[in-house]
Amino acid sequence: MKKLLFALLTGLAFSTIAQDGTIYPLEAPKEPNAIPLNTGSVKDQPAPETWFKQWGDPMARNISKATLTPFFPEKGKANGAVVIVAPGGGYRWLSMGNEGWEVAEALAKKGITAFVLKYRLFPTAEKLEDFTAWMNRPRPAPAPAPAPGSASQKTDEAPKNTNPMAQMDLSNQLEDAEAAYAMIVKNATTWGIDTKRIGMIGFSAGAGLTMHATLNSKTMKLAFIGPIYGGMGPVKVPADAPPMFNVIASDDFLFNSQFGVIDSWFKAKRPVEFHLYQNGGHGFGLGNPNRTSNKWFDAFIHWLEVNKFM
């Protein structure tokens, strides 16, 4: 009975921590399969890479050395498709579990070779308590986007991108993504992959990096992209832009009643699939139970199959 009670209490404590938004220190996990991308460091970086746990998920910050971690399908199950996975975190930390490793494992089970990109980040405070205070700072609610044709928006004025991350300098992050792509192409024969079926998906800031690479890279020729709960502002779409699978929930602060990126892709006559879910919030990764956004990954795999990327 004592053992049973201990097990129940331990499980309850773990469940409480798993659902707790408190930031806890975390010893850096071993990453034996991580491949250095050798893209340099971060200017004026005050602290070494450190890890923490929040909502039960491992997260890394102050990343100065980019890496690429492969997740291969079981022998005989690979179909040749590739996905670069870019976790999110506002370019100041990376949600490595929820939006990285777990997603890559799910892709590998579908026969897709996945690579988690641990890209360089903007510096944060060295001490965890200072970083925690910064994370918990008061934030103003985003202003609602003006409705097209409303008094607050001229009829000849294009909708503005209200994503606060849209104006960041992503030179380091783009260089890391390009290095990851180049490494995959270089090792295509060894890894048994099709260079014409390399796609990229990202979450939150990782979705922003996916979009930034799509719009600005001179070396990446992505076959498809999947921005998952990223910025929704309008963009200038290249004539050869890849097909896009886009996901966001209506109760996500980044949605903010915007459809700009979807409209941009549609008007450019490029293939686009858009899933606006009733609920899910932000940062749901593969999905949370009892939310309509919970099945987006199944829809993504079906989309890949229909478009013959599998």
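Structure: see above.
Given the structure is predicted, the values throughout are model-derived calculations rather than measurements. (Residues numbered from 1 in each chain as written. Predicted model: local features only at pLDDT ≥ 70, side-chain atom pairs only at ≥ 80, totals over all residues. Heavy atoms only, no water.)

**Student:** Kindly report on helix α2 (residues 97-109), identifying the contributing residues and their values.
**Tutor:** A bend of about 25° at Val103 is the largest found in α2. Burial in α2 covers these residues: Gly97, Asn98, Glu99, Gly100, Trp101, Val103, Ala104, Ala106, Leu107 and Ala108. The first or second residue beyond α2 is Gly111, which carries a positive phi of 90°. (Bend = angle between axes of the 7 residues up to and from the residue. Helix = DSSP H or I, 4+ residues; strand = E, 2+ residues; numbered from the N terminus. Buried < 20%, exposed > 50% of the residue type's maximum accessible area, 1.4 Å probe, protein only.)

**Student:** Go over the sheet that holds strand β5 (residues 67-71), please, and point to the residues and values.
**Tutor:** Spatial strand order, β2-β5-β8-β6-β9-β10-β11-β12: 8 strands in an open sheet with mixed pairing. Bordering the open sheet on either side are β2 (35-36) and β12 (272-277), each of which pairs with just one other strand. As paired strands, strand β6 (residues 82-86) and strand β9 (residues 198-203) are joined by 5 bridges and run parallel to one another. Counterpart to Val85 in the pairing with β9 is Ile201. Contacts between helix α6 (residues 205-216) and the sheet are confined to β6, β8 (113-118), β9, β10 (224-228) and β11 (244-249), with β9 contributing the most and set at about 140° to the helix. Helix α8 (residues 296-306) contacts β9, β10, β11 and β12 of the sheet and is inclined by roughly 170° relative to β11. (Pairing = 2+ DSSP bridges. Contact = heavy atoms within 4.5 Å. Axes fitted to C-alpha atoms, helices over the stretch in contact; angles between N-to-C directions.)

**Student:** Run through the packing of aromatic side chains, naming residues and quoting values.
**Tutor:** Scanning the entire structure with this criterion turns up 21 aromatic pairs. Each ring, one from Tyr91 and one from Tyr119, has its centre 6.4 Å from the other, and the planes form 55°; the classification is tilted. Remark: Tyr119 occurs in the loop between β8 and α3 (128-135) and Tyr91 occurs in the loop between β6 and β7 (93-95); sequence separation between them is 28 residues. The pair Tyr91 / Tyr119 is uniform in exposure class, with both members buried. With 4.8 Å between their ring centres and 45° between their planes, Phe224 and Phe309 make a pair best called tilted. Remark: Phe309 occurs in the segment after α8 and Phe224 occurs in strand β10; sequence separation between them is 85 residues. A relative accessible area of 0% means that Phe224 is categorised as buried. A relative accessible area of 11% means that Phe309 is categorised as buried. (Phe/Tyr/Trp six-rings, centres within 6.5 Å; stacked < 30°, edge-to-face > 60°.)

**Student:** Please provide a residue-by-residue account of the pairing of β10, values included.
**Tutor:** Within β10, 5 of the 5 residues are buried, which leaves the element mostly enclosed by the surrounding structure. Neither face of β10 is exposed, since Phe224, Gly226 and Ile228 on one face and Ile225 and Pro227 on the opposite face are all buried. In this sheet, β10 lies alongside β9 in parallel orientation, the contact comprising 5 bridges. Residue Met200 lies in a different strand from β10, and its bridge partner there is Ile225. You can see the chain leave β9, run along α6 and come back into β10, and the turn it takes is right-handed. Pairing of β10 with β11, which is carried by 2 bridges, proceeds in the parallel orientation. Of the residues in β11, the one forming a bridge with Ile228 is Val247. (Right-handed = clockwise from strand over helix to strand, strands pointing away.)

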